Amino acid sequence: MTSVLAPPPEGSGLKPVPGVPGIPYIGNTLAVMRHPFDYARKRYEEFGPVAWGWLLGQRTVTVQGPEAAEVVLVNRDKAFANGPAWSYFIGPFFYRGIMLLDFEEHLHHRRIMQQAFTRPRLRSYMDAMAPGIVTGVDAWEPGYGFKVYDHLKQLTLDLATDVFMGVELDQAERDRVNGAFIDAVRAGTAYVRFPVPGLRWHRGLQARKVLEEFFHRHLPAKRRDGGDDLFAALCEAETDDGHRFTDEDVVNHMIFALMAAHDTTTITLTTMAYYLAKYPEWQERLREESLAPAARRGGPGLDYADLDALTGIDMVMKESLRMVAPVPALPRKVVKDTSILGFHIPEGTTVVVPTLTNHHMAEWWPDPERFDPERFGGERREDKIHKYAWSPFGGGAHKCIGLYFAGMQVKTILHQMLQRYRWSVPARYEWPLDTTSLPSPKDGLPVRLDRLEQRG
């Protein structure tokens, strides 16, 4: 039965937010998580861009389309807070990460953290990553049933521990840290949101303790010795007026950054691999593009300066981010009464920008279910129809601080894959995308992987 969220103040001229609340607490959770695209289209047809319902135990207003997304993400009247919204999902596991801070405190931390993502730092990260990428990709075993997602997740986890931490780990310690990150991420979408031993929430809390202990143990040496890794960069980062991170800040930001880096990169690369397997003409086009720098330099490596020339990889990356946004929704908590597109949004409401489904709205994207990287190329630039039509990295003050690092890592890994392998899937294969947490293929994306003969 349709109902409204709350009556607007008398004389305000605002409209109440419509919706179908469903069962309290549970509400629309199962439909949203299991069938997000169908549910989003149905909700939009029935209620328009602003509607409410129960989602994961909260009264939640979902805003569809770039116009509503812009109001929330730009946040001109500072009515939408990140911290309390994200904390409900991941706060106990990623406490005081950069995404969980707000307003002046967030800007203060962001100014310091920006020193870890300057062009010289990015170049040093790329140089540090290169050997691990080559070794990791080269070790893949060709054949049928090669699970792309599983191998990419292992590779990005290994790169995160090597390049971000800059700490030598034996295999047991590496597995322990990697396992802790996986448990912490999965805990965020737990149905049972209190610590029952053996369930997701409890495992996430235990994982947080493992990660805190690990970083605190290695922090004094990192403060002392420095390095070319993110851990050292955060320890050394200092603004022009002398502000630096405390030890607690460094630990909190490292735990969050490692989670954000390896999960989103894995999802993006897996999506790219899926569509390149489905559309082999694009795979061959990118392979020729990727071989050009190698031919010019006489080796398979890639320089930071080569990245801008990989225009085909860039288009495929952007279209893959549109098809499957790695962070499927951006929640905010309303800290004072406000409005979105003429609808009254009362203080205390949770508002969600559903990036996963917003990128599939036919009103903004022609033929949205078709994989078409050219929509990001040359004169078409369909993403320019609205500043927030394409927003996989969020927007406003909280736009992902690591977006250039992410693009660099994705292009560098795919470059090595293209030079070494050709991969394919059966003609009628459609991947079973699991959207109950961060989106990923239920079957791990099994492909036929063939090693290429090396040219020259």
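Under an unreviewed UniProt entry, the protein has the name Cytochrome P450 and belongs to Actinomadura rubrisoli. Note on the protein: under the UniProt heading Cofactor (unreviewed entry), the record states "heme".

Caption draft 1: Up close: the packing of aromatic side chains. Under the counting rule described, the total for this entry stands at 17 aromatic pairs. Measuring from ring centre to ring centre gives 5.2 Å for Phe-214 and Phe-215, while their planes differ by 85°; the resulting arrangement is edge-to-face. Each member of the pair Phe-214 and Phe-215 is classed as buried. Centre to centre, the rings of Tyr-274 and Tyr-275 are 4.8 Å apart; their planes meet at 65°, and the pair counts as edge-to-face. There is no split in this pair, since Tyr-274 and Tyr-275 are both buried. Linked through ring pairs, Tyr-274, Tyr-275, Tyr-279, Phe-371, Tyr-429 and Trp-431 together constitute an aromatic cluster. A cation over an aromatic ring shows up here: Lys-15 above the ring of Phe-343, its NZ or CZ 4.3 Å from the ring centre. Over the ring of Trp-365 we find Arg-322; its NZ or CZ atom is 5.4 Å from the centre of that ring.

Caption draft 2: The environment of Val-447, seen in detail. For Val-447, the position within the fold is in strand β14 (residues 446-451). A sequence separation of 170 residues divides Val-447 from Ala-277, and the C-alpha atoms of the two residues are 7.9 Å apart. Setting aside chain neighbours within four positions, we find Val-447 in contact with Gly-143, Tyr-144, Gly-145, Phe-146, Val-148, Trp-423, Ser-424 and Val-425.

Caption draft 3: Quick peek at the packing of helix α11 (residues 247-278) against helix α13 (residues 311-323). Two elements in contact, α11 and α13, have axes whose closest approach is 9 Å; the angle formed by their N-to-C orientations is 105°. Here α11 is positioned roughly perpendicular relative to α13, judged by the angle of their axes. Residues Thr-268, Thr-271, Met-272, Tyr-275 and Leu-276 of α11 lie in contact with α13, whose contacting residues are Ile-313, Val-316, Met-317, Ser-320, Leu-321 and Met-323. The residue inventory of the contact of α11 with α13, partitioned by class, reads eight nonpolar, three polar and no charged.

Caption draft 4: The arrangement of the pairing of strand β4 (residues 58-63) in detail. Extensive coverage of β4 is indicated by the burial of five of its six residues. Where strand β3 (residues 50-55) meets β4, six bridges bridge the pair, whose relative direction is antiparallel. When the bridges of β4 are listed, Leu-55 appears paired with Gln-58. Adjacent in sequence and paired antiparallel, β3 and β4 are bridged by two residues, among which Leu-56 carries a positive phi angle near 45°. Taken together, the three bridges between β4 and strand β10 (residues 350-353) define a ladder with parallel strand orientation. For Thr-60, the partnering residue across the bridge sits in β10 and is Thr-350.

Caption draft 5: Up close: the sheet that holds strand β11 (residues 421-424). One open sheet accounts for three strands, arranged β6-β14-β11; its pairing is antiparallel. The open sheet has two free edges, formed respectively by β6 (143-147) and β11, since each of these has just one partner strand. Each strand of the sheet is rotated relative to its neighbour by a mean of 45°, with strand direction disregarded. For β6 and β14, the ladder comprises three bridges, and the chain directions are antiparallel. When the sheet's bridge partners are listed, Phe-146 is paired in β14 with Val-447. The sheet strands contacting helix α7 (residues 148-165) are β6 and β14, and the helix crosses β6 at an angle near 55°.

Caption draft 6: Fine view of the pattern of salt bridges. Following the criterion strictly, the structure yields 33 salt bridges and no others. A salt bridge links Glu-430 to Lys-278; the nearest nitrogen and oxygen atoms lie 2.9 Å apart. Highlighted residues: Glu-430 in the loop between β11 and β12 (433-434) and Lys-278 in helix α11, separated in sequence by 152 residues. Overall, the relative accessible area of 21% leaves Lys-278 in the partly exposed class.

Caption draft 7: Spotlight on the UniProt feature "binding site: heme" (unreviewed entry) in the protein. Here the UniProt feature "binding site: heme" (unreviewed entry) sits at Cys-400. Turning to its location among the elements, Cys-400 is positioned in the loop between α14 (355-358) and α15 (403-420). On the basis of relative accessibility, which here comes to 32%, the residue Cys-400 falls in the partly exposed class. The residues touching Cys-400, leaving out its near neighbours within four places in the chain, are Arg-110 and Phe-393.

Caption draft 8: Quick look at the packing of α11 against α15. Running from N to C, α11 and α15 cross one another at 45°; their axes reach a closest spacing of 10 Å. Judged by the angle between their axes, α11 and α15 are oblique. Seen from above, α11 lies across α15 with right-handed handedness. Residues Ala-261, Thr-265, Thr-268, Leu-269, Met-272 and Leu-276 of α11 form the contact with α15, whose own contacting residues are Gln-409, Val-410, Ile-413 and Leu-414. Here the residues of the contact of α11 with α15 are counted per class, giving seven nonpolar, three polar and no charged.

The rules behind each value
- Residues numbered from 1 in each chain as written.
- Predicted model: local features only at pLDDT ≥ 70, side-chain atom pairs only at ≥ 80, totals over all residues.
- Heavy atoms only, no water.
- UniProt positions renumbered as here; feature names shortened; annotations may be inferred.
- Phe/Tyr/Trp six-rings, centres within 6.5 Å; stacked < 30°, edge-to-face > 60°.
- Buried < 20%, exposed > 50% of the residue type's maximum accessible area, 1.4 Å probe, protein only.
- Lys NZ or Arg CZ within 6 Å of the ring centre and 35° of its normal.
- Helix = DSSP H or I, 4+ residues; strand = E, 2+ residues; numbered from the N terminus.
- Contact = heavy atoms within 4.5 Å.
- Axes fitted to C-alpha atoms, helices over the stretch in contact; angles between N-to-C directions.
- Parallel < 35°, antiparallel > 145°, perpendicular 65-115°, else oblique.
- Nonpolar A, V, L, I, M, F, W, Y, C, P; charged D, E, K, R; others polar.
- Pairing = 2+ DSSP bridges.
- Salt bridge = Lys/Arg side-chain N within 4 Å of Asp/Glu carboxyl O.
- Left-handed = near helix turned anticlockwise from the far one by under 90°.

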